[in-house]
Amino acid sequence: MVPRTCLVLVLFLGLPVALCAQKQQGSWSDLNGLKAGQRIEVIESDMKRHAGEFLTVTDELLTLQEGGSDVSIKREDVVRVSRSSAPRRGEHALIGLVVGGAIGAGIGAAAGSSGSKTGWFNFNTRGIAALIGVVIGAPSGALVGAAIPAHSTIYRAAPSAAHQTASP
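Residues numbered from 1 in each chain as written. Predicted model: local features only at pLDDT ≥ 70, side-chain atom pairs only at ≥ 80, totals over all residues. Heavy atoms only, no water.

**Student:** Looking at this structure, I do not really get the overall build of the chain. What am I missing?
**Tutor:** In terms of regular secondary structure, the chain is built from 3 helices and 8 strands. Reading the chain from its N terminus to its C terminus gives the helix and strand order α-β-β-β-β-β-α-β-β-α-β. Of all 168 residues assigned to the chain, the portion counted as buried reaches 27%. Counting only carbon and sulfur atoms, one obtains 64% of the accessible surface of the chain, whose full area is about 11000 Å². (Helix = DSSP H or I, 4+ residues; strand = E, 2+ residues; numbered from the N terminus. Buried < 20%, exposed > 50% of the residue type's maximum accessible area, 1.4 Å probe, protein only. Areas by Shrake-Rupley, 256 points an atom, 1.4 Å probe, with all protein chains shown as cover.)

Following this line, the structure appears as structure tokens:
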């Protein structure tokens, strides 16, 4: 019984990692689909982060407005461009709340006993254990759901040869 509970717990905790894993996406030309004023996040090769409103893109530069001033970043310095979608964070939290509650109820019900007779009463602790599982699992799931990034990657630079390690 304990190995199954541990397996479910490991799978539940590994879910955010699997959801966040992303493959290399898009080409520079995909940035032409952005609309002026759209919220974006740009990561430079030195890991400097810029967040602001998209202005323009050319073959050489990406320009956004950050903190009231225009910032232009060279194409070769851009590692990733993501479109912000803040309303999705609440949706992720709600989905996490439901999934966490369901998983907590399942684990709690599996951990509870089917019953023991004490005098005239037959105690079934599965229902109580499932309720405790919901109380613990639902808020935990909501926190995990809210932590999942609420943005979608539009462009990710291919890894350069200088950053790859040579195999012997």
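Having put the structure on the table, let's press on.
**Student:** Whenever I open this one, the environment of Lys-48 confuses me. Can you help?
**Tutor:** Assignment of secondary structure puts Lys-48 in the loop between β1 (39-44) and β2 (49-57). Separated by 30 residues in the primary sequence, Lys-48 and Val-78 have C-alpha atoms spaced 9.7 Å apart. The residues contacting Lys-48, other than those within four sequence positions of it, are Val-42 and Ile-43. (Contact = heavy atoms within 4.5 Å.)

**Student:** What's the story with a nonpolar patch on the surface in this structure? I'm lost.
**Tutor:** Residues Ile-128, Leu-131, Ile-132, Val-135 and Ile-136 make up a contiguous nonpolar surface patch of roughly 520 Å² in combined accessible area. Relative to the helices and strands, Val-135 is located in helix α3 (residues 126-147). For Val-135, a relative accessible area of 56% puts it in the exposed group. (Patch = residues over 30% accessible without salt bridge, like charges linked within 9 Å, V, L, I, M, F, W, Y side chains within 5 Å. Salt bridge = Lys/Arg side-chain N within 4 Å of Asp/Glu carboxyl O.)

**Student:** I would appreciate a short explanation of the packing of aromatic side chains in the present structure.
**Tutor:** The geometry of an aromatic ring pair comes down to the distance between the two centres and the angle between the two planes. Taken as a whole and assessed by the stated rule, the structure comprises 1 aromatic pair. When the ring of Trp-28 is compared with that of Tyr-155, the centres are 5.3 Å apart and the planes differ by 90 degrees; the resulting orientation is edge-to-face. Placement of Trp-28 in the loop between α1 (2-20) and β1 and of Tyr-155 in strand β8 (residues 151-156) is noted, with a sequence separation of 127 residues between them. Taken as a pair, Trp-28 and Tyr-155 share a single burial class, namely buried. (Phe/Tyr/Trp six-rings, centres within 6.5 Å; stacked < 30°, edge-to-face > 60°.)

**Student:** Help me understand the pattern of salt bridges in this model?
**Tutor:** Pairs may arise between side chains of opposite charge once their charged atoms sit close together. This structure, assessed with the given rule, holds 2 salt bridges. In this structure, Glu-41 engages Arg-49 in a salt bridge whose closest nitrogen and oxygen atoms are separated by 2.6 Å. With relative accessibility at 13%, the residue Glu-41 sits in the buried group. One salt bridge connects Arg-80 with Glu-41, and the closest N-O pair in it is separated by 3.3 Å. Taken together, the residues Arg-80 in strand β5 (residues 78-84) and Glu-41 in strand β1 connect sequence positions 39 residues apart.

**Student:** What should I look at first to understand the pairing of β1 in this one?
**Tutor:** Looking along a regular strand, one sees side chains alternate from face to face of the sheet. Most of β1 sits out of view: 5 of its 6 residues are buried. As judged from the 5 bridges shared by β1 and β2, these two strands associate in the antiparallel manner. Looking across to β2, one finds that Ile-43 is bridged to Arg-49. Bridge analysis of β1 against β5 gives 5 bridges, and the strand direction is antiparallel. (Pairing = 2+ DSSP bridges.)

**Student:** Just checking my understanding: could you explain the sheet that holds β8 for this structure?
**Tutor:** As a general point, the strands of a sheet are linked pairwise by backbone hydrogen bonds and lie either parallel or antiparallel. Pairing within the open sheet is antiparallel, and its 6 strands lie in the order β4-β3-β2-β1-β5-β8. Lying at the two open borders of the sheet, with one neighbouring strand each, are β4 (69-74) and β8. Mean inter-strand twist for the sheet, computed between neighbouring axes without regard to direction, equals 40 degrees. (Axes fitted to C-alpha atoms, helices over the stretch in contact; angles between N-to-C directions.)

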